[in-house]
Amino acid sequence: MDYSLKVMDHFSSPRNMGSIENSDGVGEVGNAKCGDIMKIYLKVEDNRIADVKFQTFGCGAAIASSSMATEMIKGKTLEEAWKLSNKAVAEALDGLPPIKMHCSMLAEEAIHEAINDYLKKKGLEPWND
């Protein structure tokens, strides 16, 4: 399977890996059967993502997608982060093999889960896709 140089870079040197203690929102998605589990942690200040970290158990494409997605939403408003699509993540990685596109989908879903977790903790209604 051929991966782009960007996928290999984000896999071998992932950005924002780890967790955030006392995070404002956490999103966990995935399936242990397929082997990819992704967890995104958010720190929110003034409706902006001040910090974001991830923990991913999965293949190189899943780790690269997590890394790239966190880079793309850091500093963004919650609304901007919500709009990040899996296609944008894949494009930013210079593409993913078709069989690995689900990895970028996990990143999008984990961000949505984390934002909705934050909203629920604030007593607000969660957003819909």
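In this report, we go over the structure that sits alongside the text. (Residues numbered from 1 in each chain as written. Predicted model: local features only at pLDDT ≥ 70, side-chain atom pairs only at ≥ 80, totals over all residues. Heavy atoms only, no water.)

What follows is about the packing of aromatic side chains. On inspection of all chains with the given rule, the structure shows 1 aromatic pair. Here the aromatic rings of Trp-82 and Trp-127 are separated by 5.4 Å at their centres, their planes lie at 80 degrees, and the arrangement is edge-to-face. Of the two residues, Trp-82 sits in helix α3 (residues 78-82) while Trp-127 sits in the segment after α5 (101-121), which places them 45 residues apart along the sequence. Overall, the relative accessible area of 13% leaves Trp-82 in the buried class. (Phe/Tyr/Trp six-rings, centres within 6.5 Å; stacked < 30°, edge-to-face > 60°. Helix = DSSP H or I, 4+ residues; strand = E, 2+ residues; numbered from the N terminus. Buried < 20%, exposed > 50% of the residue type's maximum accessible area, 1.4 Å probe, protein only.)

One pass over the full model with this rule turns up 0 disulfides. In this model Cys-59 remains outside any disulfide bridge; the closest cysteine sulfur is found in Cys-103, 3.7 Å from its own. (Disulfide = S-S within 2.5 Å.)

Turning to the sheet that holds strand β1 (residues 25-31), a few remarks are in order. Reading across the sheet, the 3 strands line up as β1-β2-β3 and stay open at both edges, with antiparallel pairing between neighbours. Strands at the two margins of the open sheet, each flanked by one partner only, are β1 and β3 (48-57). Direction aside, the axes of adjacent strands within the sheet are offset by 15 degrees on average. Where helix α2 (residues 60-73) meets the sheet, its contacts fall on β2 (36-45) and β3, and the angle it forms with β3 comes to roughly 175 degrees. Of the strands in this sheet, β1 and β2 touch α5, which is tilted by about 145 degrees from β1. (Pairing = 2+ DSSP bridges. Axes fitted to C-alpha atoms, helices over the stretch in contact; angles between N-to-C directions. Contact = heavy atoms within 4.5 Å.)

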